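So the chains spell out like this:
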Amino acid sequence: MFKKILLAIDGSDHSRRATEKAVELASLNEGASIEILYVVAGNKSKTDVLHSGDSESASRKRERMVRQFEEQVKEEGIEASHTILHGKNGVAEAIIEHANEGEYDALVLGSRGLGTVQTMVLGSVSHKVMKYVKAPVMMVK
Amino acid sequence: MFSKEKLKNEWFGNVKGDILSGIVVALALIPEAIAFSIIAGVDPMVGLYASFSIAVVIAFVGGRPGMISGATGAMALLMITLVADYGLEYLLAATILTGVLQILFGVFRLAKFMKFVPRSVMIGFVNALAILIFTSQLQHFVGETWVMYSLVALTLAIIYLLPRVTKAVPSTLVAIIVVTGIAIMMNAGVRTVGDMGTLPSTLPVFLLPDIPLNFETLAIIFPYSLALAVVGLLESLLTQSIVDDMTDTDSNKNQESRGQGYANVVTGFFGGMAGCAMIGQSVINVKSGGTGRLSSLTAGVVLMTMIIALNGIVVQIPMAALAGVMIMVSIGTFDWSSLMNIHKIPRTDAIVMVVVVATVVYTHDLSIGVFAGILLSAIFFAWKLSKVTVEEHFNVKAQSLTYEIHGQLFFASVQDFVDQIDFEADVKKVILDVSNAHLWDDSAVGAIDKIEHKYDMRNIKVEVTGLNKESSELMDKIGGLSKASGH
């Protein structure tokens, strides 16, 4: 039974595809809902503040971005909500903590599809999440 | 706003996290403080005293708990010529004056004017800063051996690859320890920190800068202090917004401006160079779990303790290790997303950004780059606003010509506007419909007057309709005057 689904997004095209799959999963059960999770990484704060002027405008932009995904889910007639977290330690850590605290039936997330070198330097969020999240994880490529 | 409860929470709400992150930051501050001193052309001692004193003072008077301030590259780059031409004592005096200017900035609540600095200028600012930090390291490579190059490469490799294995210890520190160890054991004979000047072995003491107190001195240091004050606040308030965003909390910008000022005044008297908030260190602090005032205090105290206790070892750190750290700092400072998105942003924004970077790289002065960027942005803005469209409607029955004006009428746009009016038109009456336009200044009113006057000479009546409230008030005020005196 997949009734309570957590969908972790980063705003990319991979997230779009992950959202489609999450919707398909939620459609299997009457009354299933999707919670959209977006984590602001520490380094992302710098870029966002620099490009939007201050923290407030950066937050508004993120909210707008996340709402687009929420609308995409709601258009399919599925109940949706969203959470924006500030991951001081890292994106993966914040997703893992949030996923394990709530009682979710599944976690859906997109994979950035990085190469070997990029993974070595940037680290793989999906890999860590797969390893430490207790709920079933669906990774969308 | 001030409450005991709030203050207590800012200090002791996160004791364990703050102390641990403070230690991490202290360790990361050491190589940077030394390297920035070398950029400025002063003894490593000056940067270390500055980072100690600024971090400690800011812990008490800053506006953003969890933010780290100290000696920075942006400030060091501004001091080079002052130090080279006049020496350290003038730098200390300039540091004190910088602090005074920043206190005034905070007291008069000028932080809100930071919004007049466009984003493209801020992006240009950090990118220029990154480039300058990088190029300032190139001198250390001149005439060096492959031993030095490989030590730099090793430093960078450890810094970037160690966090993949463990995040428990700061990789910068491990890199420095390993590379210093190798250099000492191999007896590599590379240049070290000790070759660059003296390091402190005692706590800083309170001293008045040894300079003549006269107008001439003021004339020398004031331009530097003004540039330092502006750049320091720019970087501090930017960092403050980043920490606000990372912790999802708000903080007082004017209090921080005053705090930066107090910190620089104290630092100048204790023999340190002017500093400001540090983006990189603040991000490290918050990521390591530091969010309170205690983290900044810990960072300062641990930094000084380490330097005094380990004086003999610090002088043996090879310059290669520091150059590696500074290359990492410059890569981290650069806003790579601005390169990736340069084709997506408006072309004028991209031009402003590039002009800021080019100006700074050419002048080595961040403040000149920022002013050039603001000026250019203002010109672009006026240029965009100065496009006025005029629609012509001819009424055959009434033999009248109506001009429907759309846009902003002000000094930069009136020429464009007047050029679109046909003064030779064979009509009885001209109507200027300004219901979709706004009159902003003397030039706008003057242009309307000029049109009236020109038609008047051919005995054609001009009627102005659709003035909004502000525009008509402006017409009454200025129009009345110019008519009374004009004709």
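Residues numbered from 1 in each chain as written. Chains lettered and ligands numbered in written order. Predicted model: local features only at pLDDT ≥ 70, side-chain atom pairs only at ≥ 80, totals over all residues. Heavy atoms only, no water.

Visitor: Would you mind going over the overall build of chain A with me for this structure?
Guide: For chain A, the helix and strand inventory stands at six helices and five strands. Moving toward the C terminus, one meets the helices and strands of chain A in the order β-α-β-α-α-β-α-β-α-α-β. Along the first, second and third principal axes, the C-alpha atoms of chain A reach 45 × 35 × 25 Å. For chain A, the proportion of its 141 residues judged to be buried stands at 45%. With the model as given, the accessible surface of chain A reaches about 7400 Å², and the carbon-plus-sulfur share is 50%. Here chain A holds 19 positive side-chain charges and 20 negative ones, and the gap between their average locations is 7 Å. (Helix = DSSP H or I, 4+ residues; strand = E, 2+ residues; numbered from the N terminus. Buried < 20%, exposed > 50% of the residue type's maximum accessible area, 1.4 Å probe, protein only. Areas by Shrake-Rupley, 256 points an atom, 1.4 Å probe, with all protein chains shown as cover. Lys, Arg positive; Asp, Glu negative; His and termini not counted. Charge placed at Lys NZ, Arg CZ, Asp CG, Glu CD.)

Visitor: Please explain the packing of aromatic side chains as it appears in this structure.
Guide: Within a pair of aromatic rings, the relevant descriptors are the distance that separates the centres and the angle that separates the planes. Taken as a whole, this structure holds eight aromatic pairs over all chains when the rule is applied. For the ring pair Tyr-86 of chain B and Tyr-90 of chain B, a centre distance of 5.5 Å and an interplane angle of 45° mean the geometry is tilted. Residue class for Tyr-86 of chain B comes out partly exposed when judged on its relative accessible area of 40%. Its relative accessible area of 15% is what places Tyr-90 of chain B among the buried residues. Between Phe-423 of chain B and Tyr-455 of chain B, the ring centres sit 5.4 Å apart and the planes meet at 45°, which makes this aromatic pair tilted. Of the two residues, Phe-423 of chain B is situated in the loop between helix H18 (414-419) and strand S5 (429-439) and Tyr-455 of chain B in helix H19 (residues 442-457); the sequence distance between them amounts to 32 residues. Residue Phe-423 of chain B is classed as buried on the basis of its relative accessible area of 15%. Tyr-455 of chain B gets classed as buried once you look at its relative accessible area, which sits at 0%. Among the aromatic residues, ring-to-ring pairing joins Trp-11, Phe-12 and Phe-60 of chain B into one connected group. Above the face of the Tyr-104 of chain A ring, Lys-4 of chain A is positioned so that its terminal group lies 4.8 Å from the ring centre. (Phe/Tyr/Trp six-rings, centres within 6.5 Å; stacked < 30°, edge-to-face > 60°. Lys NZ or Arg CZ within 6 Å of the ring centre and 35° of its normal.)

Visitor: Mind showing me how you'd approach the domain arrangement of chain B here?
Guide: It is common to give the size of an interface as the accessible area lost on bringing the parts into contact. Split by domain assignment, chain B resolves into domain 1 (4-379) and domain 2 (389-486). The C-alpha centroid of domain 2 of chain B is placed 55 Å from the C-alpha centroid of domain 1 of chain B. (Domains from an automatic or database assignment.)

Visitor: Would you mind showing me how to read the confidence of the model for chain B here?
Guide: Regions with low pLDDT should not have their predicted coordinates read in detail. Here chain B averages 89 in pLDDT, while 98% of its residues score no lower than 70. Across chain B, the element-wise mean pLDDT spans from 67 in helix H20 (residues 469-486) of chain B up to 97 in strand S2 (residues 276-277) of chain B. (pLDDT = per-residue confidence, 0-100.)

Visitor: Just checking my understanding: could you explain the interface of chain B and chain A for this structure?
Guide: Taken residue by residue, the interface counts 26 residues in chain B and 27 residues in chain A. Area buried by chain B at its contact with chain A is led by Arg-164, Asp-245 and Lys-287 of chain B, which between them contribute 30% of it. At the boundary of chain B with chain A, the tally comes to one salt bridge. Residue Asp-245 of chain B pairs with Arg-62 of chain A through a salt bridge whose shortest N-O separation is 2.5 Å. (Contact = heavy atoms within 4.5 Å. Buried area = accessible area lost by both parts, 1.4 Å probe. Salt bridge = Lys/Arg side-chain N within 4 Å of Asp/Glu carboxyl O.)

Visitor: Honestly, the pairing of strand S2 (residues 33-41) of chain A in this entry has me stumped. Any pointers?
Guide: Regular strands place their side chains on alternate faces of the sheet. All names here are of chain A. Taken across its nine residues, S2 has seven buried, putting it largely inside the fold. Bridge analysis of strand S1 (residues 4-9) against S2 gives six bridges, and the strand direction is parallel. Note on S2: the bridge partner recorded for Ala-8 is Leu-37. You can see the chain leave S1, run along helix H1 (residues 13-27) and come back into S2, and the turn it takes is right-handed. Note: S2 against strand S3 (residues 79-87), nine bridges, orientation parallel. Looking at the pairing, Glu-35 lines up with Ser-81 of S3. (Pairing = 2+ DSSP bridges. Right-handed = clockwise from strand over helix to strand, strands pointing away.)

Visitor: Any chance you could explain unusual backbone geometry here in plain terms?
Guide: One can expect most non-glycine residues to show negative phi and most peptide bonds to be in trans. Residue and element names in this part refer to chain B. Notably, Asp-248 is not glycine yet its phi reads approximately 55°, a positive angle. Despite not being glycine, His-364 shows a phi value in the positive range, around 60°. Along the chain, His-364 turns up in the loop between helix H16 (347-363) and helix H17 (366-385). Under the relative-accessibility criterion, His-364 is labelled partly exposed at 41%.

Visitor: Quick question: what am I supposed to make of the pairing of strand S4 (residues 106-110) of chain A here?
Guide: Residue and element names in this part refer to chain A. Along S4, five of the five residues are buried, which leaves the element largely enclosed by surrounding structure. The alternating pattern of S4 places Ala-106, Val-108 and Gly-110 and Leu-107 and Leu-109 on opposite faces, both of which are buried. As paired elements, S1 and S4 share four bridges and run parallel to each other. Bridge pairing links Leu-7 to Val-108 in S4. Of the pairings in the sheet, the one linking S4 to strand S5 (residues 137-140) comprises four bridges and is parallel in character. Within S5, the position partnered with Leu-109 by the bridge is Met-139.

Visitor: What exactly am I supposed to notice about helix H12 (residues 293-309) of chain B here?
Guide: Residues separated by three or four positions in an α-helix point in the same direction, a consequence of the helix having 3.6 residues per turn. Between its terminal C-alpha atoms H12 of chain B stretches 25 Å, which fits the 24 Å expected from 17 residues at 1.5 Å a residue. Every buried residue of H12 of chain B is accounted for by Arg-293, Leu-294, Ser-295, Ser-296, Thr-298, Ala-299, Gly-300, Val-302, Leu-303, Met-304 and Ile-307 of chain B. (Expected span 1.5 Å × (residues − 1).)

Visitor: What exactly am I supposed to notice about a nonpolar patch on the surface here?
Guide: Residues and elements named next belong to chain B. Among the surface-exposed residues, Tyr-160, Leu-161, Ile-331, Trp-336, Leu-339 and Met-340 lie close enough to one another that they form a single nonpolar patch of about 560 Å² accessible area. Of all the elements in the fold, those that place two or more residues in the nonpolar patch are helix H7 (146-165) and helix H15 (336-340). Relative to the elements of secondary structure, Leu-339 occurs in helix H15. Taking the relative accessible area as the measure of exposure, Leu-339 reaches 45% and is therefore partly exposed. (Patch = residues over 30% accessible without salt bridge, like charges linked within 9 Å, V, L, I, M, F, W, Y side chains within 5 Å.)

Visitor: Where do I start with the sheet that holds strand S4 (residues 400-409) of chain B in this structure?
Guide: Consider a sheet: its strands pair through backbone hydrogen bonds, and that pairing is either parallel or antiparallel. All names here are of chain B. Pairing in this open sheet of four strands is mixed, and the strands run S3-S4-S5-S6 from one edge to the other. Either end of the sheet is taken by a strand with one partner, and the two such strands are strand S3 (389-395) and strand S6 (461-465). Taken over all neighbouring pairs, the strand axes of this sheet differ in orientation by 20° on average, direction set aside. Direction of pairing for S4 relative to S5: parallel, over a ladder of nine bridges. Its bridge partner being in S5, Leu-409 is matched across the sheet by Leu-439. Strands S4, S5 and S6 of the sheet are contacted by H19, whose axis makes an angle of about 175° with S5. (Axes fitted to C-alpha atoms, helices over the stretch in contact; angles between N-to-C directions.)

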